[in-house]
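# Structural overview
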Amino acid sequence: MTFEQLIELLTSKDHFEKLAEYADQHRQCCA
Amino acid sequence: MSMQISSQIKELFTHVAPTFDYQTIHLRFLNVFKEVTREQLDIRIAEFLKFMFLRSKYGGGFIPLSGEVDDIWHEFILQTREYELFCLALPGKKFIHHNSQHLSDYTKDKNPREVVTQFLAWIPAYYHHFGEFTKESSEYWMMVNYLQNELKMSLAEINQLGSSNQTAITYLN
């Protein structure tokens, strides 16, 4: 999978919501 | 636990913040995180240093890292004078603020494509500066975990993504 294809996949509604949920569950932090 | 700093951590401190005297903060990490094995603590410190380097060099955006590495950051911030000196010794030479924020809050009013691109773009940046993710280091980076667990990508594929998309680093600026 290319970088662009990965961006497209993760930007799709289902994946994006899942990614946000995953991040929230795993006590993430950012700067 | 030995109080000697490992050569790997010494080299990383020198690489990311060349003028910073790391002896005192390193000793504090050893004293505070006694429940963690020395091997695990060294990995967490190493990934923290890499995170701070990338954040300082490439600026803002959301680079999610694990709670265990965040704990190292919390401890460092409490030593305010040393933390400030460390930030000023990083490539960006600016103080780096800490922000505990859920991704769902961060993404409000943001374009999903922009967020995802930022999420992925630091992988080539990490690869460029620090080489491949290992099994041990990868567990502290949420995006790498997500690609492994949810998209079933192997670590080799993720490292390939990092090595073959170096132009994506420009998305971080």
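See the structure printed just above.
This section reports on the structure supplied with the text. Given the structure is predicted, the values throughout are model-derived calculations rather than measurements. (Residues numbered from 1 in each chain as written. Chains lettered and ligands numbered in written order. Predicted model: local features only at pLDDT ≥ 70, side-chain atom pairs only at ≥ 80, totals over all residues.)

### Here's the deal with the overall build of chain B
Filter applied, for reference: For the purposes of this entry, the term helix denotes a DSSP run of H or I that reaches at least four residues, the term strand denotes a run of E that reaches at least two, and both are numbered from the N terminus. Restricting the calculation to C-alpha atoms gives the radius of gyration, and the globule rule supplies 2.2 Å times the number of residues raised to the power 0.38. Each residue is classified by how many other C-beta atoms fall within 10 Å of its C-beta atom, where C-beta atoms are placed from the backbone; a count of 20 or more means buried, 12 or fewer means exposed, and values in between mean partly exposed.
Tallying secondary structure elements over chain B gives 10 helices and zero strands in all. Ordered by position from the N terminus, the helices and strands of chain B form the series α-α-α-α-α-α-α-α-α-α. Compactness check: chain B gives a C-alpha radius of gyration of 16 Å against a globular reference of 16 Å for 173 residues, within 12% of the reference. C-alpha atoms of chain B, sized along the principal axes, occupy 45 × 30 × 25 Å. For chain B, with 173 residues in total, the buried portion stands at 36%.

### Let's talk about the interface of chain A and chain B
Here is the rule we go by: The contact criterion used is a C-beta to C-beta distance within 7 Å, with each C-beta placed from the backbone. Gly counts as polar in this scheme, as do all residues outside two lists: the nonpolar Ala, Val, Leu, Ile, Met, Phe, Trp, Tyr, Cys and Pro, and the charged Asp, Glu, Lys and Arg.
The interface is formed by 18 residues belonging to chain A together with 30 residues belonging to chain B. Elements with a minimum of two residues in the side of chain A that touches chain B: α1 (3-11) and α2 (13-25) of chain A. Among the elements that make up the side of chain A that touches chain B, the one with the highest residue count is α2(A) (seven residues). Partitioned by chemical class, the residues of the side of chain A that touches chain B number 12 nonpolar, three polar and three charged.

### Focus: unusual backbone geometry
Residue and element names in this part refer to chain B. In the Ramachandran plot, Lys-93 falls in the positive-phi region, its phi being about 50° despite a non-glycine side chain. For Lys-152, which is not glycine, the phi dihedral falls at a positive 60°. With respect to the helices, strands and loops of the structure, Lys-152 is situated in the loop between α9 (142-149) and α10 (155-163).

### Let's talk about the nonpolar core
Soluble globular proteins tend to bury their nonpolar side chains together. Heads up, the condition is: Any set of buried Ala, Val, Leu, Ile, Met, Phe, Trp, Tyr and Cys residues joined through C-beta atoms within 7 Å is what this text calls a nonpolar core.
In terms of nonpolar packing, the biggest core is built from 55 residues, with Val16(B), Leu49(B), Leu54(B), Leu120(B), Ile123(B) and Met143(B) touching the most fellow members. Per element, the largest residue contribution to this core is 11 residues, and it comes from helix α3 (residues 38-58) of chain B. Each residue touching Leu120(B), except ones within four places of it in the same chain, is listed here: Phe3(A), Leu6(A), Ile7(A), Met143(B) and Ala168(B).

### Looking at the environment of Phe133(B)
Residue and element names in this part refer to chain B. Locating Phe-133 in the fold gives a position in the loop between α7 (112-130) and α8 (135-138). Phe-133 sits 127 residues away from Ser-6 along the chain, and the two C-alpha atoms are 19 Å apart. The residues touching Phe-133, leaving out its near neighbours within four places in the chain, are Ser-138, Val-144, Leu-155, Ile-158 and Asn-159.

### Quick word on the packing of α7(B) against α10(B)
Residues and elements named next belong to chain B. We count it as follows: Throughout, an axis means a line fitted to C-alpha atoms (over the contacting stretch in the case of helices), and angles, computed between N-to-C directions, take values from 0 to 180 degrees. In these notes the angle categories are as follows: under 35 degrees is roughly parallel, over 145 is roughly antiparallel, 65 to 115 is roughly perpendicular, and the rest is oblique.
Where α7 meets α10, the axes come as close as 7 Å, and the angle between the chain directions of the two elements is 85°. For the element pair α7 / α10, the angle class is roughly perpendicular. Across from Ile-123, Pro-124, Tyr-126 and Tyr-127 in α7, the residues of α10 making contact are Ile-158, Asn-159, Leu-161, Gly-162 and Ser-163. Looking at the contact of α7 with α10 residue by residue, the class counts come to six nonpolar, three polar and no charged.

### What about the environment of Ala20(A)?
Position of Ala20(A) among the secondary structure elements: in helix α2. Note on Ala20(A): 18 C-beta atoms within 10 Å, which makes it partly exposed. Not counting chain neighbours up to four residues away, the residues in contact with Ala20(A) comprise Leu103(B), Ser104(B) and Thr107(B).

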